[in-house]
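In case you want the letters, here they are:
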Amino acid sequence: MTTYIIRRLLLVPFLLMGVTILIFGMLQFLSPVERSALYVRDFPKNEKALDAIIKRYGLDRPMYEQYWRWLVGVVDVATGERSGGILFGDLGYSRTSSQPVIDLILSRFPNTLDLTIWAVAPVILVGIWLGVQAAVHQNGIIDQAARIFSIIGTSFPTFVFGLLMLMIFYANLGWFEPGRLADEYMRVVNSDAFRHYTSLITFDALLNGRFDIFIDALRHMFLPILTLSYISWATFLRVTRSSMLETLRMEYVTTARAKGLPERDVIFKHAQPNAMIPVVTLAGGSVVGLLGGVVITETVYNYPGIGAAAAKAATTLDVVTMLGFALFNGIILIVANLVVDILYATVDPRVRLS
Amino acid sequence: MSDLLLDVQGLETQFRTPDGIVHAVNGVSFGLKEGETLGVVGESGCGKSVTMLSVLRLIASPPGKVVAGKAFYRGQDLLQMSDEEIRHIRGAQMAMIFQDPMTSLNPVMTIGRQLIEPLMLHLGMNKDQANARAAELLEMVGIPHASERLSDYPHQYSGGMRQRVMIAMALSCNPQILIADEPTTALDVTIQAQIIELVKRLRDELGMAIIWITHDLGIVAGLAQRVLVMYGGFIIEESQVIDLYANPSHPYTIGLLGSLPRLDEIERQRLFSIEGMPPVLYNKPTACPFAPRCKWVMDRCWQENPALTEVSPEHRVACWVDVKTGKAR
Ligand SMILES: Nc1ncnc2c1ncn2[C@@H]1O[C@H](COP(=O)(O)OP(=O)(O)OP(=O)(O)O)[C@@H](O)[C@H]1O
Ligand SMILES: [Mg+2]
């Protein structure tokens, strides 16, 4: 297992380099004026100023030199200050949100992570269990309900579903609100008395013992969670169910029964671990969909995460900000794939031992 | 109570399929004495596996269902037991091994874990005792460096070794009966012979009764004392092994023996096999199920399905024709 993980980790630098080259390549489509945002805050006012910037940051230099500058930035000889340099966390300046791109990402990402955790964890814990139950009690109540739900789930696009939920529960019933927190709670969270252990509001609220804030946060997140996760519910249920049905027909399941094992052990110890292999593959594939879902969901519910910020940057053609997000997304994908591969090796010894 | 270890009477098993109800086993009765080895032969699809799986209540339901019959093990009807009771029989009293050792072991569980399960379950061993015993069992079935190989996964074993593991697992709790469902069919010939030798040796050491299912009458000859020949979910001939080879009395058995290459035949006849395919029965047959393929077929064969009748001591056959004379019995 350790060798497998090490081998897999050795791949990561290459993947990262691939991502940076890709993003850098896209930056080349921008005019030098736009690219200046990688290094300076203010738009160059005139030809002269622009020329100075181009000279100073080497925006007219050969590609590989520019790439290198983009990676490590340019240090001012006089002040010793570095500008630019993605390796040092400087992704440029976001003109639409008037702050460095990295600050924008760091302030928004916890909200997105909070939302994603609450969207994904129940699917993994409950959705998979339901899928197993649907297979074990084929044509039972759970199975029938799951089937209907799967059809509905896979036939609604996310934005349609989101708008529908918004119409019913927000506009007509007034049960849930868009946004992040009620104003009075927002004030508490921003006060000094509230300790930020994780930056994730739901978890911090629990750790601070503020159950009321936790509930309010969930109330605001409920519709986004639902919108973001309903497709995952449908697909995980379906894949778990069919994989489990197939596994239950395997001869080793009969072997397990022939040993005299109780049915509980046959299902959860022998069949389920095997049935999880395709589910892990699905999980790997779902990450990309989830990132796309985050953009739509956050925009529909006006939820202050990176998805909404990226959408805003895109609609205002703030390309430097967008590519900053793209880079960040790339890193997330690489990490997520690493996690999935390790999970894969955990569930299937044939992967890690070959 | 009879002196039989296992006494199966009138077993009927059916499967509900989209095409109709498949009558897989149609009233099978047989007995097994203590320490005896019983061969069960017949072409693919004649109901050998389903019969044995039915006895252990391992038929998946749906689509399968045992619709009639009794299966007494030491006087207790397995088919009437609670799920809990039958679990204490499975693995402990009656163990089963399967045809394909590539698929009958759990691929994501170590060999060791699979081996210790029945030991802990039926013999109440703790983990350390069970692990030690598992290593002994692997040693017993001839796997070298056994204790180091407990932490391996099935894909790290060869086919023959996996079947040895299956045998070790089946015999781990000293069962009275071992049911072997074509355990050598998927293996190549030399490995086949080794596995059969292994089972013979273990039978001598442990004294369990064996039900050995196979296509291959040649294997049965060297292993079993008694043979059941099955066709279309019926037992159509039952005999001591020597008598079956000397006086095969059902046209189907003769066909099976004919398709067996014999080394002692000086004048090699053309290897003859039975024309046609075994039937899948969607209705309980009213004629002899073998009639469409039978060389000796008579009018009566199309009207009535013959029951097993004794033709000589301990030799019973279900056929209207006396194959020696070619006339009705
Ligand atoms: N799950 C099932 N669903 C439907 N029909 C089945 C099922 N299992 C077995 N059968 C039918 O039962 C009959 C007997 O099958 P069985 O597996 O007992 O044959 P067999 O004698 O063991 O053959 P083989 O030598 O190929 O193992 C076959 O006609 C088969 O089609
Ligand atoms: Mg079979």
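This one's a predicted model, so the numbers in the text were calculated from it and none came from an experiment.

## Some details on the overall build of chain B
Helix and strand counts for chain B stand at 11 helices and 14 strands. In terms of overall size, chain B behaves like a compact globule, its C-alpha atoms giving a radius of gyration of 21 Å where 329 residues would be expected to give roughly 20 Å. Here the C-alpha coordinates of chain B stretch approximately 65 × 50 × 40 Å along the principal axes. When each of the 329 residues of chain B is scored for burial, the buried share is 54%. A sequence separation of at least 24 residues applies to 63% of the contacts in chain B between residues at least 6 apart. Surface exposure of chain B reaches about 14,700 Å², of which carbon and sulfur atoms provide 52%. Side chains of chain B carry 30 positive and 37 negative charges; the gap between the two charge centres is 3 Å.

## Structural notes on helix α4 (residues 63-72) of chain A
Each turn of an α-helix holds 3.6 residues, which means side chains three or four residues apart point in the same direction. Residues and elements named next belong to chain A. By the burial criterion, the buried members of α4 are Gln66, Tyr67, Trp70, Leu71 and Val72. Next to the buried residues of α4 lie α1 (2-27), α2 (32-35), β1 (74-75) and β2 (82-83). Note on α4: the residue one or two positions beyond its end, Gly73, has a positive phi of about 85°.

## Regarding the interface of chain A and chain B
Contact residues are listed per partner, giving 21 residues for chain A and 28 residues for chain B. Carbon and sulfur atoms supply 62% of the area that chain A and chain B bury against each other, a total of about 2,000 Å² over both sides. There are 1 salt bridge connecting chain A and chain B. Between Lys259(A) and Glu117(B) there is a salt bridge; the shortest N-O distance is 2.7 Å. Our enumeration of links across chain A and chain B arrives at 12 residue pairs in polar contact (both at pLDDT 80 or more).

## Thoughts on the sheet that holds strand β11 (residues 309-312) of chain B
Strand pairing in a sheet relies on backbone hydrogen bonds, with the paired strands running either antiparallel or parallel. Residues and elements named next belong to chain B. Strand order in the open sheet formed by 8 strands is β6-β7-β8-β3-β9-β10-β12-β11, with mixed pairing between adjacent strands. A strand with exactly one partner marks an edge of an open sheet, and here the two such strands are β6 (94-97) and β11. The sheet shows a mean angle of 20° between the axes of neighbouring strands, taken without regard to direction. Pairing of strand β9 (residues 226-231) with strand β10 (residues 234-240) involves 6 bridges; the strand directions are antiparallel. Among the inter-strand pairings, Val227 is bridged to a residue of β10, identified as Ser239. Along the sheet face, helix α1 (residues 48-55) touches β3 (37-41), β6, β7 (177-181), β8 (209-214) and β9 and points at about 145° away from the line of β8.

## Quick look at the domain arrangement of chain A
When its domains are assigned, chain A resolves into domain 1 (31-90) and domain 2 (101-353). Its C-alpha centre places domain 1 of chain A at a distance of 39 Å from the equivalent point of domain 2 of chain A.

## Thoughts on the site of ligand 1
Residue and element names in this part refer to chain B. Residues in close proximity to ligand 1 total 14 residues, the closest being Ser44, Gly45, Ser49, Glu182 and His215. Between Lys48 and ligand 1, the recorded distance is 2.9 Å, taken from a backbone N or O atom to an oxygen atom. Between Ser49 and ligand 1, the recorded distance is 2.6 Å, taken from a side-chain N or O atom to an oxygen atom. In isolation ligand 1 exposes 630 Å². Once the protein is present, 70% of that is buried. At the level of elements, β1 (6-17) and α1 are the ones that each hand at least two residues to the shell around ligand 1. Each residue belonging to the shell around ligand 1 can be placed in one class, and the counts come to 5 nonpolar, 6 polar and 3 charged.

What counts and what doesn't
Residues numbered from 1 in each chain as written. Chains lettered and ligands numbered in written order. Predicted model: local features only at pLDDT ≥ 70, side-chain atom pairs only at ≥ 80, totals over all residues. Heavy atoms only, no water. Helix = DSSP H or I, 4+ residues; strand = E, 2+ residues; numbered from the N terminus. Rg over C-alpha atoms; globule rule 2.2 N^0.38 Å. Buried < 20%, exposed > 50% of the residue type's maximum accessible area, 1.4 Å probe, protein only. Contact = heavy atoms within 4.5 Å. Areas by Shrake-Rupley, 256 points an atom, 1.4 Å probe, with all protein chains shown as cover. Lys, Arg positive; Asp, Glu negative; His and termini not counted. Charge placed at Lys NZ, Arg CZ, Asp CG, Glu CD. Buried area = accessible area lost by both parts, 1.4 Å probe. Salt bridge = Lys/Arg side-chain N within 4 Å of Asp/Glu carboxyl O. Polar contact = N/O pair within 3.5 Å; in protein donor to acceptor, adjacent residues only side chain to side chain. Pairing = 2+ DSSP bridges. Axes fitted to C-alpha atoms, helices over the stretch in contact; angles between N-to-C directions. Domains from an automatic or database assignment. Near = heavy atom within 4 Å. Nonpolar A, V, L, I, M, F, W, Y, C, P; charged D, E, K, R; others polar.

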